[in-house]
Protein chains: 2
Amino acid sequence: MKLATLPAPGPDGRLVIVSRDLTRAVPAQPIAATLQDALDRWAEVEPALRRSADALEAGSPEGEIPFDPAAALAPLPRAWQWLDGSAYPSHGALMQKALGHEPIETDRPLMYQGLSHQFLAPTEDVALPNEGDGIDFEGEFGVITDAVPMGVSAPAARGHIRLIVQINDWSLRALAPAEFRTGFGFVQAKPACSMAPVAVTPDDLGEDWRDARVHLPLHVWWNGELFGRPDGGAMAFGFDELVAHAARTRGLCAGTVIGSGTVSNETYREVGSTCIAERRGLETVDHGAPTTSFMRFGDTVRMQAGRPGGAHPFGRIDQRVVGANPG
Amino acid sequence: MKLATLPAPGPDGRLVIVSRDLTRAVPAQPIAATLQDALDRWAEVEPALRRSADALEAGSPEGEIPFDPAAALAPLPRAWQWLDGSAYPSHGALMQKALGHEPIETDRPLMYQGLSHQFLAPTEDVALPNEGDGIDFEGEFGVITDAVPMGVSAPAARGHIRLIVQINDWSLRALAPAEFRTGFGFVQAKPACSMAPVAVTPDDLGEDWRDARVHLPLHVWWNGELFGRPDGGAMAFGFDELVAHAARTRGLCAGTVIGSGTVSNETYREVGSTCIAERRGLETVDHGAPTTSFMRFGDTVRMQAGRPGGAHPFGRIDQRVVGANPG
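Let me begin by describing the structure that accompanies this report. (Residues numbered from 1 in each chain as written. Chains lettered and ligands numbered in written order. Predicted model: local features only at pLDDT ≥ 70, side-chain atom pairs only at ≥ 80, totals over all residues. Heavy atoms only, no water.)

Concerning the overall build of chain A
Helix and strand content of chain A: eight helices and 21 strands. Computed over its C-alpha atoms, the radius of gyration of chain A comes to 19 Å, within 12% of the 20 Å expected for a compact globule of 327 residues. Seen along its three principal axes, the alpha-carbon backbone of chain A occupies a region of about 60 × 45 × 45 Å. Each of the 327 residues in chain A was classed as buried or not, and the buried ones make up 62%. Intrachain contacts of chain A at a sequence separation of at least 6 include 74% that bridge at least 24 residues. (Helix = DSSP H or I, 4+ residues; strand = E, 2+ residues; numbered from the N terminus. Rg over C-alpha atoms; globule rule 2.2 N^0.38 Å. Buried < 20%, exposed > 50% of the residue type's maximum accessible area, 1.4 Å probe, protein only. Contact = heavy atoms within 4.5 Å.)

Now the structure itself:
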């Protein structure tokens, strides 16, 4: 099942059920008003949502509308909680080597809590204050949970993963080192993320969802040029383990979004990267200094998961960075 | 003006306006349903709320009810964003000395984003999974903003501070060092915080609110024994600077809560502390090792701001730690 959120009065938009080919939709009302509403009552509403999805796939149900992924909001335009992991070991290892960090302990997941009161729409301009802040994209996958009890095990956590999403975790690299050194995590270095237009249930991915990982390449184009296409399956910890890690001392509210961290493969020399920092890290390792600059105002980034010739289950992120007006 | 939230169907309770002596209240409806609702429309609703507050102070307006602070929820039972500072330099300096850390750069505020989907009620039991996690309280002050534009200056930020609250930032000290070392900040080490029952507008504190700081002692009792009474005014950065720091690369949504960090004074040997970690740090400095243990299940903590014989503007936090049932 595929879900999306269309603009409507109020910050949370309105929930629609989307066809597998992303061309048609039916309103989810009166089953659920918004995605948060559906997640708050998932067990109750899921059967009816799936019946609507089946009817949409089977024909042209009453209320059907054309679906334009570029007009959608983020599936969850705001969330009560966003916890972002960093689960691809090749990313961490390369960044440590390039930046001369001490290795970070990696026998447990890395995770920080980030800005969740806004997830940008997939084609919305990204307004940032300063070109000198080291503007970078980070292609990620994420999951959205229903309510998860404190202390959940990883196997039990898997059943709480209700939806899978594709995320661009915008990062300001010039601001990150000072925040990283404090030990307090990232605030200024991590403005609002963006989400691809369509959230999918795990079964929608078929065999591409296994071991609680998304086994699909994530293609990233920067200013129209392919920048990377690493596979999402290379996580050291599956999303089930990330959910259990997050819930060690807290219950997770329904609508918690948990991110994979920058998708990265050991073969980054071949498949490229989903963030500029990784390419710069490689340049530093090879030549002693980076040669690729971060993004400029006016630059665009496009992200889309899927195999060449295959489906793109989440639709695509296609955004432009612009200068923000000072407050 | 003083505001509180009483239990009602739904997670956000219902907003009431509270008398200065904390004994009486009037419903804020139909002006605003909840505190989040009021903050979303602050400029529009504030005059009417203040008229109700004036009527309550002047006599017995229609709809008046007795107010029991112990029956209140947190003023904001959940928030879209909680950013906690660490703005008392004596706390940081002592912890570094005791733990043998490198000094953290302190020419800019320290801040992490924490769990905000739940703020515990002031008298609610605090359910935590494990006595061995180093259960500790942290007495803090906090502010709640309306919508703050990205890039706001500290002077302009002051006008966005709509309410002041008193917070217990629960901490699990045994889990903090591993998270601190990652640079990613605190997830497992920081479960849900608690809030004292009454949120106040800056003018309610009169001369005790100046330089964007709360110049009142915060009294903390652990198992009925006075543990500390440091003054809130000793912040290295005022709340205006903390708000501006938070808003450097993001707009803040209405209802953002920003914390001071553990209230601490240079005179901690005389006035005590608002967290156990600080006392243990002092014991380590003096004797090479801590002698005070962290909290046990069944322990209580009470926190109340105000001068002896004076008012207690926020009411009090009075909680017991209990073992959580595993998920």
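Comments concerning empty space enclosed by the protein
If you walk through the whole model with that rule in mind, you get three cavities of 30 Å³ or more. There is about 70 Å³ of room inside the largest cavity. Around the largest cavity sit ten residues that line it, and T182 of chain A together with R108, P109, L110 and M111 of chain B are the ones nearest its centre. In this model, the second largest cavity occupies a volume close to 50 Å³. Forming the boundary of the second largest cavity are R108, P109, L110, M111 and H245 of chain A together with E179, T182, F184 and G185 of chain B. Split by residue class, the lining of the second largest cavity holds four nonpolar, three polar and two charged. (1 Å grid on protein atoms, 1.4 Å probe; cavity = no way out; pocket = protein on both sides within 12 Å on 5 of 7 lines; lining within 4 Å. Points joined across faces, edges and corners; volume = space filled by probe spheres on them. Nonpolar A, V, L, I, M, F, W, Y, C, P; charged D, E, K, R; others polar.)

Structural notes on the sheet that holds strand β8 (residues 126-128) of chain B
Residue and element names in this part refer to chain B. Taken in spatial order, the five strands make up an open sheet running β8-β21-β20-β17-β18, and their pairing is mixed. The open sheet has two edge strands with one neighbour each: β8 and β18 (225-228). The average angle at which neighbouring strand axes cross in this sheet is 30 degrees, direction not considered. As paired strands, β8 and strand β21 (residues 316-323) are joined by three bridges and run parallel to one another. Across the sheet, A127 pairs through a bridge with V322, a residue of β21. (Pairing = 2+ DSSP bridges. Axes fitted to C-alpha atoms, helices over the stretch in contact; angles between N-to-C directions.)

Quick word on the relation of the copies chain A and chain B
In the superposition of chain A on chain B (RMSD 0.0 Å, axial shift 0.0 Å), the rotation amounts to 180 degrees. Both copies of the chain, as the preceding transformation shows, are related through a two-fold rotation axis. Same-surface contact between copies: 100% of interface residues of chain A are shared with the interface of chain B. (Least-squares fit on C-alpha atoms with pLDDT ≥ 70 in both.)

Quick look at the side chain of R213 of chain B
All names here are of chain B. With respect to the secondary-structure elements, R213 resides in strand β16 (residues 213-214). Despite its burial, R213 pairs with no opposite charge; the closest candidate is E241, at 4.0 Å N-O. A polar contact of 3.5 Å, which involves the side chain of R213, links it to the backbone oxygen of A236. What R213 contacts, discounting residues up to four positions off in sequence, is D208, G233, M235, A236, F237, G238 and E241. (Lys, Arg positive; Asp, Glu negative; His and termini not counted. Salt bridge = Lys/Arg side-chain N within 4 Å of Asp/Glu carboxyl O. Polar contact = N/O pair within 3.5 Å; in protein donor to acceptor, adjacent residues only side chain to side chain.)

Remarks on the interface of chain A and chain B
Taken together, the contacts link 51 residues of chain A with 51 residues of chain B. With both chains or domains summed, chain A and chain B bury close to 4,400 Å², and 58% of this area falls on carbon and sulfur atoms. The largest share of the area that chain A buries against chain B comes from W80, F184 and Q188 of chain A, three residues that together contribute 20% of it. Connecting chain A to chain B are four salt bridges. A salt bridge links E179 of chain B to R108 of chain A; its shortest N-O distance comes to 3.8 Å. In this structure, the connection of chain A to chain B is made through 18 residue pairs in polar contact (both at pLDDT 80 or more). When contributions to the side of chain A that touches chain B are tallied by element, the ones reaching two or more residues are β6 (111-113), α5 (176-182) and α6 (239-246) of chain A. Broken down by element, the side of chain A that touches chain B gets its largest block of residues, five residues, from α5 of chain A. (Buried area = accessible area lost by both parts, 1.4 Å probe.)

Overview of the sheet that holds strand β20 (residues 300-305) of chain A
Residue and element names in this part refer to chain A. Pairing is mixed in the open sheet, where five strands are placed in the order β8-β21-β20-β17-β18. Since the sheet does not close on itself, it has two edges, and those belong to β8 (126-128) and β18 (225-228), each with one partner. Each neighbouring strand pair of the sheet contributes to a mean axis angle of 30 degrees, computed without reference to strand direction.

Details of the nonpolar core
A general tendency of soluble globular proteins is for nonpolar side chains to be buried together. Ranked by internal contacts, the top residues of the largest apolar core, which has 103 residues, are F67 and F137 of chain B. By size, the runner-up hydrophobic cluster in this structure holds 101 residues, among which are A157, L205, V243 and I317 of chain A. (Core = buried A, V, L, I, M, F, W, Y, C linked by side-chain atoms within 4.5 Å.)

Considering the state of the cysteines
Tallied over the entire structure, the rule returns zero disulfides over all chains. In this structure C253 of chain A is a free cysteine whose sulfur lies 14 Å from that of C253 of chain B, the closest cysteine sulfur available. Residue C253 of chain A is classed as buried on the basis of its relative accessible area, which comes to 14%. You can see C275 of chain B has no disulfide; the closest cysteine sulfur is in C193 of chain B, sitting 13 Å from it. Taking relative accessible area as the criterion, C275 of chain B reaches 0% and is therefore assigned buried. (Disulfide = S-S within 2.5 Å.)

Considering the packing of helix α3 (residues 89-99) of chain B against helix α8 (residues 276-287) of chain B
All names here are of chain B. Orientation of α3 relative to α8, taken along the N-to-C sense of each, is 50 degrees, at an axis distance of 8 Å. By the angle class used here, α3 and α8 are oblique. Regarding α3 and α8, the two cross each other, and that crossing is left-handed. Contacts from H91, L94, M95, K97 and A98 in α3 reach A277, E278, G281, L282, T284 and V285 in α8. Residue classes in the contact of α3 with α8 are distributed as six nonpolar, three polar and two charged. (Parallel < 35°, antiparallel > 145°, perpendicular 65-115°, else oblique. Left-handed = near helix turned anticlockwise from the far one by under 90°.)

Points about the pairing of strand β5 (residues 82-85) of chain A
As a general feature of sheets, a regular strand has side chains that alternate between the two faces. Residue and element names in this part refer to chain A. Side chains W82 and D84 of β5 all project onto a buried face; the interleaved residues L83 and G85 project onto the opposite face, where all are buried too. One ladder, built from three bridges, connects β5 with strand β19 (residues 257-259); its direction is parallel. Along β19, the bridge assignment pairs W82 with V257. Pairing analysis gives three bridges linking β5 to β6, with the strands arranged antiparallel. Counterpart to L83 in the pairing with β6 is Q113.

Some words on α6 of chain A
Counting along an α-helix, one turn takes 3.6 residues, and residues three or four places apart therefore face a common direction. The buried count for α6 of chain A comes to seven of eight residues, which makes it a mostly enclosed element. Here α6 of chain A has its buried residues at F239, D240, L242, V243, A244, H245 and A246 of chain A.

Things to note about the environment of E278 of chain A
Residue and element names in this part refer to chain A. Locating E278 in the fold gives a position in helix α8 (residues 276-287). The exposure class assigned to E278 is buried, which follows from its relative accessible area of 0%. Look past the residues within four positions of E278 in its chain and what remains in contact with it is H91, L94, M95, S264, Y268 and S273.

Things to note about the pattern of salt bridges
Residues and elements named next belong to chain A. Counted by the stated rule, this structure contains 44 salt bridges over all chains. Its salt-bridge partner being E138, residue K190 comes within 3.2 Å of it at the nearest N-O pair. Pair noted here: K190 is in the loop between α5 and β13 (193-195) and E138 is in the loop between β9 (135-136) and β10 (139-145), with a separation of 52 residues, a long-range link. When sorted by exposure, K190 lands in the same class as E138, which is buried. Counted as one network, the salt bridges with shared partners bring together D136, E138, D169, R173 and K190.

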